[in-house]
Every structure is written in structure tokens, then in C-alpha cells.
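Structure at a glance
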Amino acid sequence: MKILLVFPPGTESVITPPLGLGYIASVLEQEGHDVKILDASLERKGTDEVLADIATYRPDIVGIMVLTVLYPRAKEVVQRVKREFPQIVTVAGGTHVSVLPEETLRDMEPDYIVVGEGEVTFLELVRALESQGNTGDIAGVGSIKNGVVKVNSRRDLIADLDEIPFPARHLMNFKEYFVNRWTWIIRPGTTILTSRGCSFSCDFCANVSLWRRKYRQRSPQNVISEMVYLYDNFGIKSISFCDALFTANKAWIRELCREIVNTGIDFTWSCEAHVATLDRETMEIMRSSGCRALEIGVESGNELILASMNKGSTIPQVIKIFSLAKELNFALVAFVIFGYIGETEDTAKQTIDLANRLNPDSISYMVATPFPGTDFRKKAAERKLITSDNWQDYDSFSTAAMRTETLSGADLLRLRNNAPIAFYSRKKYLWENVILKVTRGGYGIKDTWRNLQRAILNLIVFTSALLQLVMRRLHQTSGDRIGSE
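Residues numbered from 1 in each chain as written. Predicted model: local features only at pLDDT ≥ 70, side-chain atom pairs only at ≥ 80, totals over all residues. Heavy atoms only, no water.

Helix and strand content of the chain: 17 helices and 15 strands. Along the three orthogonal principal directions, the C-alpha set of the chain runs to about 65 × 65 × 40 Å. The 485 residues of the chain split such that 54% are buried. Across the chain, contacts joining residues at least 24 apart in sequence account for 73% of those joining residues at least 6 apart. When the accessible surface of the chain is summed, it comes to about 20,800 Å², and 53% of that surface belongs to carbon and sulfur atoms. Across the chain, the mean location of the 57 positive side-chain charges is 4 Å away from that of the 58 negative side-chain charges. (Helix = DSSP H or I, 4+ residues; strand = E, 2+ residues; numbered from the N terminus. Buried < 20%, exposed > 50% of the residue type's maximum accessible area, 1.4 Å probe, protein only. Contact = heavy atoms within 4.5 Å. Areas by Shrake-Rupley, 256 points an atom, 1.4 Å probe, with all protein chains shown as cover. Lys, Arg positive; Asp, Glu negative; His and termini not counted. Charge placed at Lys NZ, Arg CZ, Asp CG, Glu CD.)

Encoded structure:
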């Protein structure tokens, strides 16, 4: 069968390849199906252009990934396909679908939905459609017939992740993705997923609905095989491990790092880490095997809010790990959230002060978003803090879907918009993250060159923030003058 897998239009900046679609595509290709992946966001294609591609390719099935913030765009694609190409079977999947299966079926009206992990479920659905067999009892599949919604029981999670073939990257224009600026400057890079699930229970994370709090890892040997495959076939030498929690198992990390060194290939890599899972010995091993950047969720500078999030970390832990990471010359990326329940101007200032003290190379400020399926949403709903059920407002950056007891959505956006400019325009950022980056090292000429690259990037960020700050001040001064006349 001919199958088109679509990542919907709508995101302003696409960073990573849609590995979820890549895994499904590889499973389908193994059975001889003709598969294409269309990342409409990467290619900046709107719904009309997606439909034009469908008209050209003429697939039997269109599968679409549904993220909460892109739900309206995905819905538009599905409904247009059903109206203009009624012979094509539409299938929707993804975290949003898994969290709200019945609502998705009633509102979006795809022919089928896939709930939970998609590889085996989607394949069984395709087999049934190809043979014109029964689709009604396939585990993990939902449909709506004659107004009656039916969602079958979920399929068991895949026990051995090594059994899943590598994502079909040959179907993606993956060199166009901006993976990680700290490890990939002039080296080709991409993402790899080594695990599914997370051993922590942050209450703002929606992935628990997909993985059901079960943490599974691929074997180090299987991960190394994918890295070497990427190097041999695409020249990839820079890897961003995109697991929700890469550092859960220290013994696993150490074995993987040894295997990376044993390849003899000069890989550089980065990962997301939780401070409670890191220590000096593990970080030194990671560093010596090519890890150059750590991405860490700091979230808040207030201990009570951290505890309410069920984050599983404390501020002293965060400070300790950031200090150690700087000592070991890691590039650092921090994630911060404004607007969790209980947030005030004072607690937000504590977060800003902590971020300034940590002084990472890069920081991502987000607005707390009550994603469906999270405990956070339940708490916010109980307190009547949710201000929007329009899924387009759930992007965590340019819009706010809730307020706190003392801060409006506009207040949260003000904090989110002002914080980056203030952070990047500080003298401390220029000194530590630009000037000193060139002199830090101890890992040889290659490391000095990478430090220089980091310094140049940080200098660009610093200059941009400083210019924005100056322009904002000039605008405010101009406004004050106009108001006084």
C-alpha cells in the first residue's frame, strides 16, 4: 500500500526530525509498503500545499501526527482529505490522541486513531485494511461508526526496544533540521532516541499518558549500531540524544560511553539530564566520550513550587550540578517555567535570580501550560486557573492558556518575553560564556576549537539581546516623551 505520514503545518521553528513517524515508516517499509514522510512544518507548507502533495502521491492511507498545539492544523488536514479524497483512509496518532481519544474521534473525525505506541498497532491496522479484514478488534485502535465511538483496549508496550528498526531517516530531509547548536556547528548532526518513558513524575509532563510511567532502554550495543550506521551512511558525527531522561541508569551510561570510545569515531553528543541522576564520575565519563552539552530542566527558583511540580530535584542539587558541569567544560542549556500554580512576582524573581546565578550558555523560558492528560491540568482546573481550551494557545512560548492566583496570562507572557533579553545582555554572560569560553579546555586543540565556536555563538546571542534591550529602552524613552508633551 502507499502510505503518507504527515507532520502537520504550523510550527514557526522546527528543531528535530519527527522520529515517531520515522519509526512507523521503517516498520511499514520492512513489510514492503511504499512510504513517504511529509514534514509540513519543516517545509513551511500550508494545508493547501499538503493537499497538493497528496493529490500527486495518491496514497491509500494518510497518517498524521497530532500534537496539542498543532491540533487545529491536523484537524484541518484530516477533514480536507476526507472531503476531497474520500477514498483515502485517514489515521491520527500521537500524544494528544492518546490522551483524548474519544474527543479526537468526535471532533476531528479521522477514519481511525492509534492510541499509545504506534509501530505495531499501525502495522496491524494497515494489514487489516490491505486484506479488507476486521479492524474492529485491533488493540490500540479507535474508530467512530454511525456516531458510535469505539476505542479498543491499549496494546502492551513494546518490551524490547532493540526489536524496532532504526527510523527511516532516508525519508526525511534531516540535514535541514537544527538539532543542537552546542554540538553541531559545521558537523552534520541528528537526533537519536535511546529510551521511552521516564522514571520521574513531573506533573506538567504529558508523556506519561503515552508511556504509562514505564521506563525502557535500548541496549548500548543497539544504540552504537545506529550511531555507526548514521556515520557510515550520512556522515553524522554529532548526536543529540532526545530522550526525556537520558541519564536514568548510570551503569548503562558508562557502558554506552565506553562503546562510543571503542568506535574510534570522533562523535560529539548532547543529552537531556536530571540533576538527581548525575555525579562527578558519570559526568567525567560522559565528557571523555564526546558529550559536550547538557540540557537540564531547572523549572523554578522556588523550592515550594519545585516540590509542587513533583520535579524530584532541589535548588542546591541544581546549583551543585551546574557548578560541576562548568568545571568539566560542558555547554549548558537550562529550561525554566513561569506560571506554575502559586507563582507570584516574587517567586518569578527567585527563578530569574537563580538563572542568572547558574549562567548557562543558553536558556529557554517557557509559560506553564496545562496539557491534557497531566496532573498539572487537573490541579489548574480545580482552581479555575485555565483560561483557554483553544489548543493553539498551548505552545508554551507566545501564548498563555492559564493564569495563577496573582498573575494574569499577560503577566506570564511579560515575564517570559523580558527574561531572555535581561539574561543574555548581562556583563556576566559576556564574561563567562564568551570571553572565558576561549581559554577553558584541557581536552586538546579540538576542544579549544569547539570552545571558540561556542564563544562566537554566545557573542552573537549577547549582541542580539543587548540590541533588543537598547531598542526597548529607546522605545520606552520615546513613549515617555510623547506622553509628557
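Moving on to the state of the cysteines. Scanning the model with the defined rule gives zero disulfides in all. Here C202 stays unpaired: no disulfide links it, and the sulfur of C198, its closest cysteine neighbor, is 6.3 Å away. Residue class for C202 comes out buried when judged on its relative accessible area of 16%. Looking at the unpaired C205, the closest cysteine sulfur is the one in C202, lying at 6.8 Å. (Disulfide = S-S within 2.5 Å.)

Within helix α2 (residues 47–57), the full set of buried residues consists of T47, V50, L51, I54 and Y57. For α2, the buried positions fall inside an angular range of 125 degrees around the axis, keeping them on one side. Exposed side of α2, more than 90 degrees from the buried face: D48 and T56 are the residues found there. Check the buried side of α2 and you find it contacts β1 (2–7), β2 (34–39), β3 (61–65) and α3 (71–84). Of the residues trailing α2, R58 is marked for its positive phi of about 55 degrees. (Arc of directions from axis to C-beta.)

A word on the sheet that holds strand β6 (residues 141–145). Ordered in space as β2-β1-β3-β4-β5-β6-β7, the seven strands form an open sheet in which the pairing is mixed. The sheet terminates laterally at β2 and β7 (148–151), the two strands that pair on one side only. Along the sheet, successive strands turn relative to each other by an average axial angle of 20 degrees, direction set aside. Across four bridges, β1 lies against β3 in parallel orientation. Its bridge partner being in β3, I3 is matched across the sheet by I61. (Pairing = 2+ DSSP bridges. Axes fitted to C-alpha atoms, helices over the stretch in contact; angles between N-to-C directions.)

The next thing to look at is the packing of aromatic side chains. Tallying each qualifying case throughout the model produces 14 aromatic pairs. Taken together, a centroid distance of 6.3 Å and an interplanar angle of 75 degrees make the contact between Y231 and F267 edge-to-face. Separated by 36 residues along the polypeptide, Y231 in helix α8 (residues 220–234) and F267 in the loop between α9 (250–262) and β12 (268–273) bring together distant segments of the chain. Looking at F267, the relative accessible area reads 3%, which means it is buried. An aromatic cluster is present here, built from F241, F246, W252 and W269 joined pairwise through their rings. The ring of Y23 carries R196 above its face, with NZ or CZ at 5.3 Å from the centroid. The ring of F330 has R287 sitting right over it, with the charged end atom 5.9 Å from the ring centre. (Phe/Tyr/Trp six-rings, centres within 6.5 Å; stacked < 30°, edge-to-face > 60°. Lys NZ or Arg CZ within 6 Å of the ring centre and 35° of its normal.)

Pairing is parallel in the open sheet, where six strands are placed in the order β8-β11-β12-β13-β14-β15. Each having just a single partner strand, β8 (189–192) and β15 (362–367) make up the two edges of the open sheet. For this sheet, the mean angle separating the axes of adjacent strands, direction not counted, is 20 degrees. Relative to strand β13 (residues 291–299), β12 runs parallel, the two being bridged by five bridges.

Where α8 meets α9, the closest approach of the two axes is 9 Å, and the angle between their N-to-C directions is 35 degrees. Pair α8 / α9 crosses with right-handed handedness. Across the interface between the two elements, P220, Q221, V223, I224 and M227 of α8 pack against W252, E255, L256, E259 and I260 of α9. Here the contact of α8 with α9 is built from residues that sort into seven nonpolar, one polar and two charged. (Left-handed = near helix turned anticlockwise from the far one by under 90°. Nonpolar A, V, L, I, M, F, W, Y, C, P; charged D, E, K, R; others polar.)

Within the largest apolar cluster, 102 residues are counted, with the highest numbers of intra-cluster contacts made by F122, F241, W269 and L294. If sequence neighbours within four positions are ignored, L294 has contacts with C271, L278, M283, M286, A325, F330, A331, L332 and V333. Counting residues in each nonpolar core, the second largest holds 29 residues, with V62, V81, V99 and A401 among its members. (Core = buried A, V, L, I, M, F, W, Y, C linked by side-chain atoms within 4.5 Å.)

Attention now moves to unusual backbone geometry. At E109, a position not held by glycine, the phi torsion is positive, near 60 degrees. Structurally, the position occupied by E109 is in the loop between α5 (101–108) and β5 (112–114). Unusually for a residue other than glycine, N146 sits at a positive phi of about 55 degrees. Position of N146 relative to the elements: it lies in the loop between β6 and β7. Take N146: its relative accessible area is 82%, and that puts it in the exposed class.

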